Protein chains: 2
Amino acid sequence: MADLAQLAGVSKITVSRALGDSPLVNPETRERIQVLAREHGYKLNISARNLRLRRSHTVAVIVEMKPSTDRTMFDPYPLVLLGGISQELTAAGYSVLLTTRQGASAAAVQAADGLILLGQGAHQDAVRRFDKLCLPMVVWGAQSASDAHVVVGSDNRLGGAVVARHFIALGRHRPVFIGNPSHPEIFERLDGFIDALAVRGIKPLLMRRDEFTVDSGMDAVRSLHARKVGFDAIFACNDLLAMGAIRATLDLGRSVPADVSVVGYDDMPLGASFLPPLSSVRQDWQEGGMLLARKVLALIEGEPASSECLPVSLIVRST
Amino acid sequence: MADLAQLAGVSKITVSRALGDSPLVNPETRERIQVLAREHGYKLNISARNLRLRRSHTVAVIVEMKPSTDRTMFDPYPLVLLGGISQELTAAGYSVLLTTRQGASAAAVQAADGLILLGQGAHQDAVRRFDKLCLPMVVWGAQSASDAHVVVGSDNRLGGAVVARHFIALGRHRPVFIGNPSHPEIFERLDGFIDALAVRGIKPLLMRRDEFTVDSGMDAVRSLHARKVGFDAIFACNDLLAMGAIRATLDLGRSVPADVSVVGYDDMPLGASFLPPLSSVRQDWQEGGMLLARKVLALIEGEPASSECLPVSLIVRST
DNA sequence: CGGTATCAAGATACCGATAACATTTTAGTG
DNA sequence: CACTAAAATGTTATCGGTATCTTGATACCG
């Protein structure tokens, strides 16, 4: 920058101002300097600026992404959220520093202006860990009375309730829930499901399954059958589970949706092309990501931000 | 750091050394300072260090991730690559700066020590654009004589050839290729496919389809049928297309694999649970990501790095 | 013409770390 | 005990920008 200043016959600070479009420089001078900078391929040193401004214009996004061939990596889930986040942050001139739980101790995270945590972790442990960094932080997941963070998430209770009402409307009365309620989000779905069914005095059966895969879904239904448990509706907390459940149900010679209604969750694109086309609860991840981003940005600017709960919608197809 | 120095009764530089585990300080002093730092919750200012060292220990990863509900965002593809990249970089003390094509002009990218570009872009345009940043760069995609970059990718020609040989072994002689060969990687698959079939004097039919979806695959097969084109084998350049093709084929009353053999590409986890279980070409993305990371790191260290072509394997299931 | 806004540009200090060189302390040696 | 090598610590300068405060020039006023 000093060189550029000499070239332009002005001082460093004037160059700085010119490049920053400051109104403190003569428009002509500014133009001249900007042209000169472009010609010489001058690039501002971001690290220096970050140091001086005590701002990195960077937000760290912490994903629970195990390096192994793990389910979460294959899910649309984090990527679509990331898409929304990225879009908003980029628009605001911020960058996304992507980190896994393990890597979050790496240096660069500390330099971030804010934190977005995707997934609270099994027992809020993730949340507590990153709290220590003392950075503006927002979390994607389920609201919880116990923590005072800004949380953005879908209305999982509503999701469960909507499915329950759907089953009630269809006259089903022996519903099954497949999933792992130790994830806060899943728990909420189950809870909403139970509450809404209780209105009609119906109690669903919980098939706890830790894996969110097709195989796991098939296994759940087979195990129901083996135990000779009757059921006429299945709410799977994920589309893959739902697909597996449908497959196993059909294998057992029962019809979907005539004998058994099935609803999944997430409305993955593949669901619409499944045979039969899958009914599912859709949450707007794109919007969620954007909201997360806007909230951190607000916090970074020192403005207040509140938790938010996004609506979900039931997409009824053929199951 | 100055405060900490005063607290410890030493100079700033000694603190710096102690925290950096430099052998230049007395082990006792080092220990004392580190304890003090921890107690007082002292955090190194990364921006200052970056400035001084002219190193950010950050690698920018540029993904072609459109903000819209686009296919790439739902694919396992970028995330698994990212997983591998992230794992290696983290292990080496580096961080991942995730950027989209659009956002890559954002400040922070310039501060990165290196660049990983996922996808060359339709006509190498992405490559050329980021070349200007003059950073160590490696690209995921297809080798090409025309560019002098370090490229890591799967052996797409081999992928095509393997499928061709599989079809030949099955005695098929009217194969169809579904996909969009204007992507360099897809082109290679097609090319390898054609070459290997040519040995037996077989010429495949190309069904060009731009979308990589189930619907698109169904559409391709229906269109073949409408045009009364005979075929007994389908090589889809993506598993979703393959699933669609199978579905449409079955709909038309033909059997898979008795009448028509189908092979997909990518071996997505869902493929194994598809009905019938999908045969597919598997590429090792995890490994690819790790390789990409290692190569940028090498370039950053000033060491040479060469392009690399990863093997692929045909997973034969029931189609 | 002195006095005061207004605008443009410069001087200086500083952000918080580390490299290079300088200095002091300690230990070892004949 | 003088002398030297090695170890431990300190001094200074610097990375490359920007905020703050000043200064100089120009314009406008009665």
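One numbering rule holds for all chains: residues counted from 1, following each sequence as written. Lettering of chains starts at A and numbering of ligands starts at 1, both following the order in which they are written. At least 70 in pLDDT is required for a residue's local features to be given in this predicted model, at least 80 for side-chain atom pairs to be given and counted, and no such filter applies to totals for whole chains, interfaces and linings, which use all residues. To obtain the side-chain values, all non-hydrogen atoms of the structure were used and water was disregarded.

Novice: Would you explain the protein's contact with DNA strand C in this entry?
Specialist: Taken together, the neighbourhood of DNA strand C is formed by 26 residues, with Thr14 and Arg54 of chain A together with Ser16, Tyr42 and Arg52 of chain B sitting nearest. By atom count, sugar and phosphate contribute 65% of the portion of DNA strand C lying within 4 Å of the protein. Pairs of N or O atoms within 3.5 Å make up the polar contacts considered here, provided that, within protein, one atom can donate a hydrogen while the other can accept it, and that residues adjacent in sequence are counted only when both atoms are side-chain atoms. Here a phosphate oxygen of DNA strand C sits 3.0 Å away from a polar atom, N or O, in the main chain of Asn26 of chain A. One of the side-chain nitrogen or oxygen atoms of Lys12 of chain B is found 3.2 Å away from a base nitrogen of DNA strand C. Only DSSP runs of H or I covering at least 4 residues are called helices, and only runs of E covering at least 2 are called strands; the numbering of each starts at the N terminus. Among the elements of the structure, α2 (12–19) and α4 (46–53) of chain A together with α2 (12–19) and α4 (46–53) of chain B are those that each provide at least two residues to the surface near DNA strand C. Each residue is assigned to one class: nonpolar for Ala, Val, Leu, Ile, Met, Phe, Trp, Tyr, Cys and Pro, charged for Asp, Glu, Lys and Arg, and polar for all the others, Gly among them. Considering only residue class, the surface near DNA strand C consists of 12 nonpolar, 7 polar and 7 charged. Throughout, the term near means that a residue has one or more heavy atoms lying within 4 Å of the molecule or strand in question.

Novice: Would you mind going over the pairing of strand β7 (residues 205–208) of chain A with me for this structure?
Specialist: All names here are of chain A. One ladder, built from 4 bridges, connects strand β6 (residues 175–179) with β7; its direction is parallel. When the bridges of β7 are listed, Phe177 appears paired with Leu206. Taken together, β6, helix α10 (residues 184–198) and β7 constitute a β-α-β crossover, and its handedness is right-handed. Note: two strands are recorded as paired if DSSP finds a minimum of 2 bridges between them. When the strands point away from the viewer and the path from the first strand over the helix to the second turns clockwise, the crossover is right-handed.

Novice: Is there a simple way to explain the packing of aromatic side chains in this structure?
Specialist: The description of an aromatic ring pair rests on the distance of the ring centres and on the angle between the ring planes. Each Phe, Tyr or Trp ring (for Trp, its six-membered ring) is paired with any other whose centre lies within 6.5 Å, and the angle between the two planes then decides the class: stacked below 30 degrees, edge-to-face above 60, tilted in between. For the structure shown, the criterion picks out 10 aromatic pairs over all chains. Between Phe177 of chain A and Phe235 of chain A, the aromatic rings sit 5.3 Å apart at their centres with planes inclined by 85°, giving edge-to-face as the arrangement. Within this pair, whereas Phe177 of chain A is found in strand β6, its partner Phe235 of chain A is found in strand β8 (residues 233–236), the two being separated by 58 residues in sequence. Their ring planes at 35° and their centres at 6.1 Å tell us that Phe235 of chain B and Tyr265 of chain B sit as a pair that is tilted. Residue Phe235 of chain B is found in strand β8 (residues 233–236), and its partner Tyr265 of chain B is found in strand β9 (residues 261–265); the two are separated by 30 residues along the sequence. Relative accessible area decides the class of each residue, using a 1.4 Å probe on protein chains only: under 20% of the type maximum gives buried, over 50% gives exposed, and in between gives partly exposed. You can call Phe235 of chain B buried: its relative accessible area is 0%. Relative accessible area serves as the criterion here: at 0%, Tyr265 of chain B is assigned to the buried category. By way of ring pairs, the aromatic residues Phe167, Phe177, Phe193, Phe235 and Tyr265 of chain A are connected into one cluster.

Novice: Would you mind showing me how to read the protein's contact with DNA strand D here?
Specialist: Around DNA strand D sit 24 residues in total, of which Met1, Ser16, Tyr42 and Arg52 of chain A together with Arg54 of chain B are the nearest. One of the side-chain N or O atoms of Arg17 of chain A is found 3.2 Å from a base oxygen in DNA strand D. Separating a base oxygen of DNA strand D from a side-chain N or O atom of Arg52 of chain B is a distance of 3.0 Å. Of all the elements in the fold, those that place two or more residues in the surface near DNA strand D are α2 and α4 of chain A together with α2 and α4 of chain B. If one sorts the elements of the surface near DNA strand D by residue count, α2 of chain A sits on top with 4 residues. Looking at the surface near DNA strand D residue by residue, the classes come out as 11 nonpolar, 6 polar and 7 charged.

Novice: What's the story with the side chain of Thr14 of chain A in this structure? I'm lost.
Specialist: Note on placement: Thr14 of chain A falls in helix α2. Aside from chain neighbours lying at most four places away, what touches Thr14 of chain A is Val25, Thr29 and Ile33 of chain A. The contact criterion used throughout is that any non-hydrogen atoms of two residues lie within 4.5 Å.

Novice: Looking at this structure, how should I read empty space enclosed by the protein?
Specialist: In this approach the atoms are scanned with a rolling probe the size of a water molecule, which exposes any empty space left behind. A cavity, in this analysis, means grid points on a 1 Å lattice covering only the protein atoms where a 1.4 Å probe fits yet has no way out; a pocket is instead an open set bounded by protein on both sides within 12 Å along at least five of seven lines, and a residue lines either one if it has an atom within 4 Å of a point. Grid points are joined across faces, edges and corners, and a volume is the space filled by probe spheres set on the points. Applying the stated criterion across every chain yields a total of 3 cavities of 30 Å³ or more. In this structure, the largest cavity encloses a volume near 220 Å³. If you go around the largest cavity, you meet 18 residues; those closest to its centre are Asn50 and Thr58 of chain A together with Asn50, Ser56 and Thr58 of chain B. Looking at the lining of the largest cavity, the elements with two or more residues in it are α4 of chain A together with α4 and α7 (107–111) of chain B.

Novice: How should I be thinking about the interface of chain B and chain A in this particular structure?
Specialist: Interface size is commonly expressed as the accessible surface area that is lost when the partners come together. Every contact between the two is made by 47 residues of chain B and, on the other side, 47 residues of chain A. Salt bridges, as used here, are contacts in which a Lys or Arg side-chain nitrogen is within 4 Å of a carboxyl oxygen on Asp or Glu. At the boundary of chain B and chain A, one finds 0 salt bridges. In this assembly, chain B and chain A are joined by 4 residue pairs in polar contact (both at pLDDT 80 or more). At the level of elements, α4, α5 (71–74), α6 (76–91), β2 (95–100), α7, α11 (214–226), α12 (239–251) and α13 (269–273) of chain B are the ones that each hand at least two residues to the side of chain B that touches chain A. Ranked by residues supplied to the side of chain B that touches chain A, first place goes to α6 of chain B with 9 residues. Counted by class, the side of chain B that touches chain A contains 27 nonpolar, 15 polar and 5 charged residues. Where strand β2 (residues 95–100) of chain A meets β2 of chain B, 3 bridges bridge the pair, whose relative direction is antiparallel. Paired with Leu98 of chain A across the strands is Val96 of chain B, a residue of β2 of chain B.

Novice: It is not clear to me how the packing of helix α11 (residues 214–226) of chain A against helix α12 (residues 239–251) of chain A should be interpreted in this structure. Could you clarify?
Specialist: The axes of two packed helices give the description: the angle between them and the distance between them. Residue and element names in this part refer to chain A. Two numbers describe how α11 lies on α12: the axes approach to 6 Å, and their chain directions differ by 45°. One element, α11, and the other, α12, form an angle in the oblique class. The two elements α11 and α12 meet at a crossing, and its hand is right-handed. For the pair formed by α11 and α12, the contact residues are Val214, Ser216, Gly217, Met218, Val221 and Arg222 on the first element and Leu240, Leu241, Gly244, Ala245, Arg247, Ala248, Thr249 and Asp251 on the second. Here the residues of the contact of α11 with α12 sort into 7 nonpolar, 4 polar and 3 charged. Working convention: axes come from line fits to C-alpha atoms, limited for helices to the stretch in contact. Angles between N-to-C directions cover 0 to 180 degrees. We call two directions roughly parallel when the angle between them is under 35 degrees, roughly antiparallel when it is over 145, roughly perpendicular when it lies between 65 and 115, and oblique otherwise. Crossings are classed by handedness, with left-handed meaning an anticlockwise turn of the near helix from the far one by less than a right angle and right-handed meaning a clockwise turn.

Novice: Is there a simple way to explain the domain arrangement of chain A in this structure?
Specialist: Here the domain parsing of chain A yields domain 1 (2–44), domain 2 (58–154 + 285–308) and domain 3 (156–283). Computed over C-alpha atoms, the centres of domain 1 of chain A and domain 3 of chain A are 63 Å apart. Where each domain begins and ends is defined by an automated method or by a domain database.

Novice: Explanation requested: the pattern of salt bridges in the structure shown.
Specialist: It is possible for side chains of opposite charge to pair when their charged atoms get near one another. For the structure on display, the rule yields 18 salt bridges over all chains. With a shortest N-O distance of 3.0 Å, Asp219 of chain A and Arg209 of chain A are connected by a salt bridge. Taken together, the residues Asp219 of chain A in helix α11 and Arg209 of chain A in the loop between β7 and α11 connect sequence positions 10 residues apart. Judged by relative accessible area, Arg209 of chain A falls into the buried class, the value being 16%. Across the salt bridge formed by Asp191 of chain B and Arg157 of chain B, the nearest N and O atoms sit 2.5 Å from each other.

Novice: Is there a simple way to think about the sheet that holds strand β12 (residues 312–315) of chain A in this case?
Specialist: Two modes of strand pairing occur in sheets, parallel and antiparallel, and in both the strands are linked by backbone hydrogen bonds. All names here are of chain A. Across the sheet, 6 strands lie side by side as β7-β6-β8-β9-β10-β12; this open sheet has mixed pairing. Looking at the sheet topology across the chains shown, the edges are occupied by β7 and β12. Neighbour to neighbour, the strand axes of the sheet diverge by 20° on average, direction disregarded. Sitting on the sheet, α10 is in contact with β6, β7, β8, β9 (261–265) and β10 (279–283), with an inclination near 170° to β6.

Novice: Explain the packing of α4 of chain A against α4 of chain B here, please?
Specialist: Relative to each other, α4 of chain A and α4 of chain B sit at 145°, their axes nearing to 8 Å. With respect to the hand of their crossing, α4 of chain A and α4 of chain B are arranged in left-handed fashion. Where α4 of chain A approaches α4 of chain B, its residues Ser47, Ala48, Asn50 and Leu51 of chain A are matched on the opposing element by Ser47, Ala48, Asn50 and Leu51 of chain B. Partitioned by chemical class, the residues of the contact of α4 of chain A with α4 of chain B number 4 nonpolar, 4 polar and no charged.

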